[in-house]
Amino acid sequence: MRNVLLVLAALAVLVSFSGTANAQARDYISIVGSSTVYPFATVVAEQFGKTTKFPTPKIESTGSGGGLKLFCAGVGVENPDITNASRRIKKSEFEKCQTNGVKDIVEVKIGYDGITFANSKSAKQANFSRKQLFLALAKMVPAPDGSEKLVANPYKNWNEIDSSLPAAKIEVLGPPPTSGTRDAFVELVMEHGAKEFPFIKAMGKDEFKAVSQTVREDGAYIEAGENDNLIVQKLEANPEAFGIFGFSYLDQNIDKIQGSKIDGVAPTFDAIADGSYPVSRPLFFYIKKAHVGTIPGMEQYVAEFTSDKAWGPDGYLAEKGMIPMPDQERKEFAAAAKDLTPMTAAAFK
């Protein structure tokens, strides 16, 4: 009996150290998340790999929602260390992290980005109102006869919504539900457009959410995955189609595609920075503090990302299309990142 107890005790010790041993088995930083933040994180990772003794981090484009799901799955080498997000972490995601033992999460806002509604440069630049985009993409819309009732979206062509719009089939390539870009587009465009109809605006919270956030599924909106470069290629091939993605992809492909005006304002670096372009949002990454000190290089990677040479007004991320934060905001997030200050539940109140 005594021998059995000794064996069990030895196994318990092995199990208790297995997490540490496994964590030490990985010598590179694992990053997942937003396709919008992906190109920025990739540039930082490459710079980090060139200028430090640490391996270049491995980055996967999984979408903001997909990345947070992986990030919040637990602590240990099998889980990512950092997740990128083109929207803020939701309260439900934060709580899921806590439930799974991911207790200390450090939030780092890195800058701003505009969401563009783009088409091929071989076509005419379009000018849409958010009301028109809601009518084009929502599953249920107000009846065309002006009555205060909802009907399945009947619009097949843009000019059926407004004669000033293109006489072309409505075909929009966009991100899936796991994408932060999709979340932000729904909030900043669809919800705003829905509120232009008083009877929809007067609905209860749940009913309004269902109407304003549900995208049509009849082929007019095509989920193109998390590969924004693929959307750019498809827009080149079809000048009548439009695509939804972050400003950086427009900026990097300005010779091929153009951004539509939204409510009369074109998506430019300056218009996003000064707030006049109506469809802009903050970008983030989240650090799993439990992995700092175990996965080598995490503090140094964060220091590189939050350095002025990277995210400053004249930094290399601005050259890639990221809109820098104002000086004071940048200073505050740099300090929180350096100190690895965890966010709390109070952040959602």
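Computed from a prediction, not measured in an experiment: that's the story for all the values here.

1. A look at the packing of helix α6 (residues 180-194) against helix α8 (residues 205-213)
So, point 1. The contact between α6 and α8 brings their axes to 9 Å, and the two run at 110°. The angle between the axes of α6 and α8 places the two elements in the roughly perpendicular class. Contacts between α6 and α8 involve V186, M190, E191 and A194 from the first element and F208, S212 and Q213 from the second.
So, point 2. Residue composition of the contact of α6 with α8, grouped by class: 4 nonpolar, 2 polar and 1 charged.

2. Some remarks on the state of the cysteines
So, point 1. Counted under the stated rule, the structure contains 1 disulfide.
So, point 2. Paired by a disulfide, C72 and C97 hold their sulfur atoms 2.0 Å apart. What sets the handedness of the C72 and C97 disulfide is the S-S torsion sign, and at about -75° it is left-handed. With C72 in the loop between α3 (64-71) and β3 (82-85) and C97 in helix α4 (residues 91-99), this pair connects stretches of sequence that are 25 residues apart. Each member of the pair, C72 as well as C97, carries the same accessibility label: buried.

3. Focus: the domain arrangement of the chain
So, point 1. The domains assigned to the chain are domain 1 (30-112 + 281-347) and domain 2 (114-280).
So, point 2. Taken over C-alpha atoms, the centre of domain 1 sits 28 Å from the centre of domain 2.
So, point 3. Contacts between the two partners involve 21 residues from domain 1, matched on the other side by 20 residues from domain 2.
So, point 4. Summed over the three residues of domain 1 that lose the most area to domain 2, namely S35, R281 and I323, the buried surface amounts to 41% of that side.
So, point 5. At the junction of domain 1 and domain 2, the tally comes to 1 salt bridge.
So, point 6. The partner of R87 in a salt bridge is D183, with the nearest N and O atoms 2.7 Å apart.
So, point 7. Where domain 1 meets domain 2, there are 8 residue pairs in polar contact (both at pLDDT 80 or more).
So, point 8. Where the side of domain 1 that touches domain 2 is concerned, the elements lending two or more residues are α2 (38-51), α3 and α14 (316-319).
So, point 9. Looking at the side of domain 1 that touches domain 2 element by element, the count peaks at 3 residues for α3.
So, point 10. Considering only residue class, the side of domain 1 that touches domain 2 consists of 6 nonpolar, 10 polar and 5 charged.

4. Brief notes about the confidence of the model for the chain
Detailed reading of the predicted coordinates is not advisable wherever pLDDT is low.
So, point 1. Averaged over the chain, the pLDDT score is 90; the fraction of residues at 70 or greater is 93%.
So, point 2. Counted against residues more than four places away or in other chains, residues 2-23, with its pLDDT under 50, gives 4 contacts.

5. Observations regarding α4
Think of an α-helix as turning once every 3.6 residues; residues three or four places apart then point the same way.
So, point 1. Burial in α4 covers these residues: E93, F94, C97 and Q98. Along the long axis of α4, the arc covered by the buried residues comes to 145°, so they all point the same way.
So, point 2. Those residues of α4 that are buried are in contact with α3 and β4 (105-120).

6. A word on the pattern of salt bridges
So, point 1. Counted by the stated rule, this structure contains 14 salt bridges.
So, point 2. A salt bridge links R88 to E107, with the shortest nitrogen-to-oxygen separation between them at 2.7 Å. Taken together, the positions of R88 in the loop between β3 and α4 and E107 in strand β4 put the pair 19 residues apart, joining distant regions of the chain.
So, point 3. The partner of R330 in a salt bridge is D308, and the shortest N-O contact between them spans 3.5 Å. A residue pair is termed long-range when its members are at least 10 positions apart, and R330 in helix α15 (residues 327-339) and D308 in helix α13 (residues 308-311) qualify at 22 residues.
So, point 4. Within the structure, one salt-bridge network assembled from shared partners comprises R87, E93 and D183.

7. A look at the pairing of strand β1 (residues 30-33)
So, point 1. What you see with β1 is no split at all: S30 and V32 on one side and I31 and G33 on the other are buried throughout.
So, point 2. Bridge count for β1 against strand β2 (residues 58-59) is 2 bridges, and the pairing is parallel. Bridge pairing in β2 places I31 opposite I59.
So, point 3. As a crossover connection, the stretch from β1 through α2 into β2 is right-handed.
So, point 4. Where β1 meets β3, 3 bridges bridge the pair, whose relative direction is parallel. Following the sheet pairing, V32 is matched in β3 by T83.

8. Considerations on the nonpolar core
Buried together is how nonpolar side chains tend to be arranged in soluble globular proteins.
So, point 1. Formed by 53 residues in total, the largest nonpolar core has its most connected members in F117, F134, W158, V172, I200 and F245.
So, point 2. The element that contributes the greatest number of residues to this core is α6, accounting for 7 residues.
So, point 3. When near neighbours in sequence (up to four residues on either side) are disregarded, I200 contacts F134, P142, L150, A194, F208 and V211.
So, point 4. Judged by nonpolar contacts, the second largest core, of 33 residues, contains F48, I287, Y301 and V302.

9. Focus on the packing of α2 against helix α12 (residues 298-305)
So, point 1. Between α2 and α12, whose axes approach to 10 Å, the crossing angle comes to 120°. Put simply, α2 runs oblique to α12. With respect to the hand of their crossing, α2 and α12 are arranged in right-handed fashion. Within the contact between the two elements, α2 uses F40, A41, V44, A45, Q47 and F48 and α12 uses Q300, Y301, E304 and F305.

What counts and how
Residues numbered from 1 in each chain as written. Predicted model: local features only at pLDDT ≥ 70, side-chain atom pairs only at ≥ 80, totals over all residues. Heavy atoms only, no water. Axes fitted to C-alpha atoms, helices over the stretch in contact; angles between N-to-C directions. Helix = DSSP H or I, 4+ residues; strand = E, 2+ residues; numbered from the N terminus. Parallel < 35°, antiparallel > 145°, perpendicular 65-115°, else oblique. Contact = heavy atoms within 4.5 Å. Nonpolar A, V, L, I, M, F, W, Y, C, P; charged D, E, K, R; others polar. Disulfide = S-S within 2.5 Å. Buried < 20%, exposed > 50% of the residue type's maximum accessible area, 1.4 Å probe, protein only. Domains from an automatic or database assignment. Buried area = accessible area lost by both parts, 1.4 Å probe. Salt bridge = Lys/Arg side-chain N within 4 Å of Asp/Glu carboxyl O. Polar contact = N/O pair within 3.5 Å; in protein donor to acceptor, adjacent residues only side chain to side chain. pLDDT = per-residue confidence, 0-100. Arc of directions from axis to C-beta. Pairing = 2+ DSSP bridges. Right-handed = clockwise from strand over helix to strand, strands pointing away. Core = buried A, V, L, I, M, F, W, Y, C linked by side-chain atoms within 4.5 Å. Left-handed = near helix turned anticlockwise from the far one by under 90°.

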